[in-house]
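Here's the letter readout for the chains.
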Amino acid sequence: MASEFRLILKHADQPGYTPDMECYMRHGGYEQLKKAFATPARDLADGKKQSPQEVVRDEVLKSGLRGRGGAGFSAGLKWSFVDRKSGKPIYLICNADESEPGTFKDRQIIHKDPHQLIEGMIISCWANDVKLAYIYIRGEMPHGAKLLNKALAEARAKNFLGKNILGTGYDLEIHVHRGAGAYICGEETGLIESLEGKRAYPRIKPPYFPAVLGLYMCPTIVNNVETLCHVKHIVAMGASEYAKLGTPNNTGTRIVSLSGDVKRPGYYEIEVGKATLGEIINDPAFGGGLRDGRKLKAIIPGGSSSKVLKAGEVFKLKRKGADGQMTAVDVPLLDLPYDFDSLQQAGTMSGSSAIIVIDDSRDIVDCLANLSEFYAHES
Amino acid sequence: MTFSVPAILEAEIDELITHYPVKRSASLMLLHAIQEHFGHVSREAIEWVALKLGLQPINIYELVTFYPMFRQEPLGKTHIKVCRTLSCALAGSGVLRDHFCKKLGLDSHKHGAQTTPDGKFTVEFVECLADCGNAPVVMVNEDLATKVTASQADQIMSKGRAN
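Residues numbered from 1 in each chain as written. Chains lettered and ligands numbered in written order. Predicted model: local features only at pLDDT ≥ 70, side-chain atom pairs only at ≥ 80, totals over all residues. Heavy atoms only, no water.

Counting its secondary structure elements, chain B contains seven helices and five strands. Secondary structure elements of chain B, listed N to C terminal, follow the sequence α-α-α-α-β-α-α-β-β-β-β-α. Across its three principal directions, the C-alpha atoms of chain B cover 50 × 35 × 25 Å. Carbon and sulfur atoms form 53% of the exposed surface of chain B, whose accessible area is close to 7800 Å². A gap of 6 Å separates the mean positions of the 16 positive and 18 negative side-chain charges of chain B. (Helix = DSSP H or I, 4+ residues; strand = E, 2+ residues; numbered from the N terminus. Areas by Shrake-Rupley, 256 points an atom, 1.4 Å probe, with all protein chains shown as cover. Lys, Arg positive; Asp, Glu negative; His and termini not counted. Charge placed at Lys NZ, Arg CZ, Asp CG, Glu CD.)

Residues and elements named next belong to chain A. Of the volumes computed, that of the second largest pocket is approximately 960 Å³. As for the second largest pocket, its lining consists of 38 residues, and the residues nearest its centre are G69, G70, A71, N95 and G186. When contributions to the lining of the second largest pocket are tallied by element, the ones reaching two or more residues are β3 (90-96) and β6 (220-224). With five residues, β6 is the largest single contributor of residues to the lining of the second largest pocket. In the lining of the second largest pocket, the residues fall into twelve nonpolar, 16 polar and ten charged. Two domains each provide a minimum of three residues to the lining of the second largest pocket, namely domain 1 (21-244) and domain 2 (254-377). (1 Å grid on protein atoms, 1.4 Å probe; cavity = no way out; pocket = protein on both sides within 12 Å on 5 of 7 lines; lining within 4 Å. Points joined across faces, edges and corners; volume = space filled by probe spheres on them. Nonpolar A, V, L, I, M, F, W, Y, C, P; charged D, E, K, R; others polar. Domains from an automatic or database assignment.)

Our focus in this paragraph is the interface of chain B and chain A. In this assembly, 36 residues from chain B lie in contact with 57 residues from chain A. Of all residues in chain B, the largest losses of buried area upon contact with chain A belong to F66, L86 and L90 of chain B, amounting jointly to 17% of the total for that side. One can count three salt bridges joining chain B with chain A. R84 of chain B is the partner of E373 of chain A in a salt bridge, and the nearest nitrogen-oxygen pair spans 3.5 Å. Where chain B touches chain A, the interface holds 24 residue pairs in polar contact (both at pLDDT 80 or more). Mapped onto the side of chain B that touches chain A, the elements with two or more residues apiece are α2 (27-38), α4 (57-66), α5 (86-90) and β5 (143-145) of chain B. By residue number, the principal contributor to the side of chain B that touches chain A is α2 of chain B, which donates five residues. Here the side of chain B that touches chain A is built from residues that sort into 20 nonpolar, eight polar and eight charged. (Contact = heavy atoms within 4.5 Å. Buried area = accessible area lost by both parts, 1.4 Å probe. Salt bridge = Lys/Arg side-chain N within 4 Å of Asp/Glu carboxyl O. Polar contact = N/O pair within 3.5 Å; in protein donor to acceptor, adjacent residues only side chain to side chain.)

Time to look at the domain arrangement of chain A. Residue and element names in this part refer to chain A. You can read the domains of chain A as domain 1 (21-244) and domain 2 (254-377). Of note, the centres of domain 1 and domain 2, computed from C-alpha atoms alone, are 29 Å apart. If you look at the interface, domain 1 gives 19 residues, while domain 2 gives 24 residues. Approximately 1600 Å² of surface area, both sides summed, lies buried where domain 1 meets domain 2, with 58% of it carried by carbon and sulfur atoms. Of all residues in domain 1, the largest losses of buried area upon contact with domain 2 belong to R66, P101 and F104, amounting jointly to 29% of the total for that side. Here domain 1 is connected to domain 2 by one salt bridge.

For the coordinates displayed, the defined rule picks out one cavity of 30 Å³ or more. There is about 40 Å³ of room inside the largest cavity. Split by residue class, the lining of the largest cavity holds eight nonpolar, three polar and one charged.

To continue, consider the nonpolar core. All names here are of chain A. One finds Y30, L117, M121, I122, L172 and I174 to be the most contacted residues of the largest nonpolar core, which totals 65 residues. A per-element tally of this core places helix α6 (residues 114-127) first, with eight residues. If we ignore the near neighbours within four places in the chain, the residues touching I122 are Y30, L33, F160, L161, L172 and I174. (Core = buried A, V, L, I, M, F, W, Y, C linked by side-chain atoms within 4.5 Å. Buried < 20%, exposed > 50% of the residue type's maximum accessible area, 1.4 Å probe, protein only.)

A few words now on the domain arrangement of chain B. Domain assignment breaks chain B into domain 1 (7-66) and domain 2 (78-162). Taking only C-alpha atoms into account, the centre of domain 1 of chain B sits 29 Å from that of domain 2 of chain B.

Okay, the pattern of salt bridges next. All names here are of chain A. What the rule picks out here adds up to 37 salt bridges over all chains. Of the charged contacts, one joins R42 and E59 as a salt bridge, the two residues approaching to 3.5 Å between their closest N and O atoms. Pair noted here: R42 is in strand β1 (residues 42-43) and E59 is in helix α3 (residues 52-63), with a separation of 17 residues, a long-range link. On the basis of relative accessible area, R42 is assigned to the partly exposed category, the value being 27%. The shortest N-O distance in the salt bridge between D330 and K316 comes to 2.6 Å. With D330 in strand β14 (residues 326-332) and K316 in strand β13 (residues 314-320), this residue pair connects regions lying 14 residues apart in the sequence. What makes K316 exposed here is its relative accessible area of 55%.

The structure is reproduced here in structure tokens:
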């Protein structure tokens, strides 16, 4: 039977756990930053040498970490695209513009454990030679912005930020930047335009790949809140141990936001692919099933931008057979493992890992009209 | 009346500008600071922010008209934003908004933000507030109210009336 596996939200809901520095330090806070700073350089088999920063970047790549914002792209690969030879500063932006309908996972991290995000961010910035970074938080989270500002001030006071951090010679500043209620700011080039003080119109790719021409036309990394938190745990566990969490090519944990017609809506952290859609919706440890007397009509599996799946659908998934050959296997909707690849093969996506459940009392046209109105308003 | 920014707010604004290598980037943060203080962003405020950042007023005006959170007119003292997107809609946010409108004498068939004649309340439908597990959610000024029932809505309104 599937169960929660809390890595990112390990402490967040523990009684007495508070979002301040003192509490975070009591729970081993900023130890992984120190560990990252102490990473030894590595000699590779081909005679080349990896700097400590390159080692951490390589660990993130080998961990298999995929972006938790929506696209599910390899975080390590994204970092590898950064133009490090341009001579321009490299920027990092944490995308905290959580606004994909159905999604409320980053909210938990920001409000309950902001230092975890900041520690993950400092490690990520250091590994990528970033000296100035921003947290772009959606405008409708004013308390979250205040909490982050307080946490950043606490981190400055401890010299985890600022000049010559912990005597390493490394300088970094992080600022909070508030959006003002436009969904399009969640798209990374729109977000960059917004951070430059403009309307958040997305840029055309190519040529404006953020890794090369991002903020102020400089190389820029844009990572989701949850993604940056995972970096801390990759440093803590090492890439190979981390990659044992979840399933192959779908490593680590993910916070799933569950809403709509279930008994227990809420957020549940799972090992990626270790729980099925059916388990997340129906198990007592998760959604607890639909309300009594109701039947499933449809599932929106990965935020409102993902393709809606109908109750009773059966999908053809590629699976490795006993003979090692790939074969197509029939997988009913509720047996779909909740991971990046299975949902993609089912013709939809896990997106921002937000599941909205729709029962048989609903008119599907009404539901989709509601979402169409959202997109009409936001475009 | 001439537009003037108190020294303490201007000091806050000057500090915000230092966060960015390019001044223009501070636009949204300045507009937030102005709106929090004055309740809205007036034409004079737009010109003031533009001057502060070495920009043309149009550069700021186009932000105020693009980003839904900025408003050019004062709103009610208690600003009630009811989430209308799917998860909240499934949990009855349409009925909830109607309840607010009815109790406050506003027209629930009208689109957009509506303010009561006494200036005490503004009610509007907004898009996803990112707390769908606690649907229906309502933002009351800066605070988020979750799993809002009709009786909680009544409490929100009686608190607002006392303001």
